[in-house]
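What follows is the residue order along each chain.
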Amino acid sequence: MSQQNIDEWLWQVGNELQRLSEEMVRTRPGIAVGKGWEPRVDVLEDANRILVKAEIAGVRGDEISLVYLPERHSLLIRGKRFDESGAGSSRLSAHQLEIFYGDFQREVRLPDVAVSVDEMKAQYRNGFLIVLLPKEERVVVTQTVTISNI
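What counts and what doesn't
Residues numbered from 1 in each chain as written. Predicted model: local features only at pLDDT ≥ 70, side-chain atom pairs only at ≥ 80, totals over all residues. Heavy atoms only, no water. Pairing = 2+ DSSP bridges. Helix = DSSP H or I, 4+ residues; strand = E, 2+ residues; numbered from the N terminus. Axes fitted to C-alpha atoms, helices over the stretch in contact; angles between N-to-C directions. Salt bridge = Lys/Arg side-chain N within 4 Å of Asp/Glu carboxyl O. Buried < 20%, exposed > 50% of the residue type's maximum accessible area, 1.4 Å probe, protein only. Polar contact = N/O pair within 3.5 Å; in protein donor to acceptor, adjacent residues only side chain to side chain.

Enquirer: Just checking my understanding: could you explain the sheet that holds strand 4 (residues 74–81) for this structure?
Expert: Backbone-to-backbone hydrogen bonds join strands into a sheet, with any given pair of strands oriented parallel or antiparallel. Here three strands make up an open sheet; going across it, the order is 3-4-5 and the pairing antiparallel. Every other strand in the sheet has two partners, leaving strand 3 (65–69) and strand 5 (102–109) as the edge strands with one partner each. Pairs of neighbouring strands in the sheet enclose a mean axial angle of 20°, with direction left out of account. Pairing geometry for strand 4 and strand 5, over eight bridges, is antiparallel. Directly across from R81, in strand 5, lies its bridge partner G102.

Rendered as structure tokens:
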């Protein structure tokens, strides 16, 4: 078997494992609700800022919190999505459950660039949380040191 065939086979096995894992979660909704969920996240960068985009449709804005963790240079996104449809009612029979409800938390590692956390801005619209972190301008200070004999 060639290396390309092995790589393709491993990729297919990985995809199948992912599909099976997601199917198990869907067939056991109690586990999914109790354990929490993680939103999908994009991290983008341009010359002036880092942009973090999280997909959190159905979460109320007042249920979202952002915390910058300087020791890990990461952004922690927390919140909670409530099931307001009545799907938890005993009168409804579930045929397919793919939407996660309850608490969520996602720690997003930021690129290795200094950011100005004090100027961080966030907006939530159309199910997406957009966080803008301006890059800090690094000031290079030149210092001359005189070496003396001891």
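Still more ground to cover, so stick around.
Enquirer: How do you make sense of the pattern of salt bridges when you look at a structure like this?
Expert: Oppositely charged side chains can pair when the atoms bearing their charge come close. This structure, assessed with the given rule, holds six salt bridges. With a shortest N-O distance of 3.5 Å, E63 and R60 are connected by a salt bridge. Residue class for E63 comes out partly exposed when judged on its relative accessible area of 25%. We classify R60 as partly exposed; its relative accessible area is 36%. Ionic pairing is found between R60 and E84, a salt bridge with its closest N-O pair at 2.7 Å. Taken together, the residues span a long stretch of sequence, with R60 in the loop between strand 2 (49–55) and strand 3 and E84 in the loop between strand 4 and strand 5 at a distance of 24 residues. The structure contains a network of salt bridges with shared partners spanning R60, D62, E63 and E84.

Enquirer: How should the environment of Q3 be read in this particular structure?
Expert: Of note, Q3 is situated in helix 1 (residues 3–27). A residue is classified by how much of its surface remains accessible, and Q3, at 52% relative accessible area, is exposed. Among the polar contacts made by the side chain of Q3, one reaches the side chain of D7 at a distance of 2.8 Å.

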